[in-house]
Amino acid sequence: GSPLTHAATAPSLSGTVYTLTRPEHLHWLSQQVHSGNDFAGYTLRMEGDIDLQLVPFTPIGGNDTVSSDDNTTSSAFSGTFDGNGHYVANFYHNTWEMKGDHNWYSPEEQYYRDGMGLFGRIYKGTVKNLTVKNFSADGEIATTGVIAAYADGATFENIAIFNCNPRVYNIGNGGIVGCVGWYA
């Protein structure tokens with residue numbers, strides 16, 4: 001059979017609060033942040049547990065560049081992600097599956113800078129009331145944290161991590177955050 005996928009689908013929005021209930025909502029959020037929407041001033045609230053079913057998942061935000069008329073910045077999440085007591089489960093990242101063996105001099109290997117975790121990069125954002133279960137990462141030269149690879153000026157509240165194995169070689173690796181303050 002064909003591999004399981006989750007098409008990105010926009011969640012409902014009421015005022016400044018997005019309601020997240022399905023894997024497709026997390027894929028949509030990742031696409032939006034990589035396109036330059038940082039969600040500053042918005043809350044993304046989970047209203048149920050989300051099982052990603054081991055479908056390949058691109059971290060929310062990263063160090064890819066987003067250009068506008070007057071500046072170029074890295075894509076980062078800057079809103080509030082409220083797990084609302086729910087969990088995100090069953091996702092993984094593997095740099096070798098994504099790009100093969102590492103080549104220090106290859107400009108195409110940007111995922112190494114993006115890092116691995118639920119979020120690739122958080123800048124002045126908040127993640128709270130969230131549990132992550134069954135996350136695993138295997139790779140090389142890819143900063144990894146279960147919640148975020150990179151965080152600068154971020155706040156984390158009431159976070160729980162169960163049965164997670166963020167394993168990488170030759171770079172930063174952490175439980176909640178892999179690297180604090182880098183690529184700000």
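Here the structure is a predicted model, which is why all the values come from computation and not from measurement.

Draft legend 1. Quick look at the overall build of the chain. Scanning the chain from terminus to terminus reveals three helices and 15 strands. Classification of the 184 residues of the chain by burial places 47% in the buried group. By element, 45% of the accessible surface of the chain is carried by carbon and sulfur atoms, the whole surface being about 8600 Å².

Draft legend 2. Molecular detail of the pattern of salt bridges. By the definition in use, this model includes two salt bridges. Here Arg45 and Asp82 are joined by a salt bridge, their closest N and O atoms 3.7 Å apart. Linking Arg45 in strand 3 (residues 43-46) with Asp82 in strand 7 (residues 80-94), this pair joins segments that are 37 residues apart in sequence. Assessed through its relative accessible area of 27%, Arg45 is described here as partly exposed. Its relative accessible area of 8% is what places Asp82 among the buried residues.

Draft legend 3. Examining the nonpolar core more closely. With 31 residues, the main nonpolar core has Leu29, Phe77, Phe81, Phe119 and Leu130 as its most contacted residues. Elements represented by at least two residues in this core include exactly strand 2 (17-20), helix 1 (23-34), strand 3, strand 7, strand 8 (119-123) and strand 9 (126-140). In terms of residue count, the dominant contributor to this core is strand 9 (five residues). The contacts of Leu29, once residues within four sequence positions are left out, are Phe39, Leu44, Ile60, Phe77 and Phe81.

Draft legend 4. A look at the sheet that holds strand 11 (residues 148-152). Ordered in space as 8-11-15, the three strands form an open sheet in which the pairing is parallel. Only two strands of the sheet have a single neighbouring strand rather than two, namely strand 8 and strand 15 (177-180). Pairwise comparison of adjacent strand axes, ignoring direction, gives a mean angle of 20° for this sheet. Relative to strand 11, strand 8 runs parallel, the two sharing four bridges. Within the sheet, the bridge partner assigned to Arg121 lies in strand 11 and is Tyr150.

Draft legend 5. How the structure looks around the side chain of Thr131. The topology assignment puts Thr131 in strand 9. Residue classification places Thr131 among the buried residues on the basis of a relative accessible area of 17%. For Thr131, the contacting residues outside a window of four places in its chain are His86, Tyr87, Val88, Ala160 and Phe162.

Draft legend 6. Region of the structure containing the pairing of strand 3. Relative to strand 3, strand 2 runs parallel, the two being bridged by four bridges. Counterpart to Leu20 in the pairing with strand 3 is Met46. Once you follow strand 2 into helix 1 and on to strand 3, the crossover reads as right-handed.

Draft legend 7. Up close: the packing of aromatic side chains. Going through the model one piece at a time under the given rule, you end up with 10 aromatic pairs. With a centroid separation of 6.4 Å and 35° between ring planes, the pair formed by Phe39 and Phe77 is classed as tilted. Residue Phe39 is located in the loop between helix 1 and strand 3, and its partner Phe77 is located in the loop between strand 6 (72-74) and strand 7; the two are separated by 38 residues in the primary sequence. Of the residues examined, Phe77 reaches a relative accessible area of 0% and is grouped as buried. When the ring of Phe77 is compared with that of Phe119, the centres are 5.2 Å apart and the planes differ by 50°; the resulting orientation is tilted.

Rules used in this analysis
- Residues numbered from 1 in each chain as written.
- Predicted model: local features only at pLDDT ≥ 70, side-chain atom pairs only at ≥ 80, totals over all residues.
- Heavy atoms only, no water.
- Helix = DSSP H or I, 4+ residues; strand = E, 2+ residues; numbered from the N terminus.
- Buried < 20%, exposed > 50% of the residue type's maximum accessible area, 1.4 Å probe, protein only.
- Areas by Shrake-Rupley, 256 points an atom, 1.4 Å probe, with all protein chains shown as cover.
- Salt bridge = Lys/Arg side-chain N within 4 Å of Asp/Glu carboxyl O.
- Core = buried A, V, L, I, M, F, W, Y, C linked by side-chain atoms within 4.5 Å.
- Contact = heavy atoms within 4.5 Å.
- Pairing = 2+ DSSP bridges.
- Axes fitted to C-alpha atoms, helices over the stretch in contact; angles between N-to-C directions.
- Right-handed = clockwise from strand over helix to strand, strands pointing away.
- Phe/Tyr/Trp six-rings, centres within 6.5 Å; stacked < 30°, edge-to-face > 60°.

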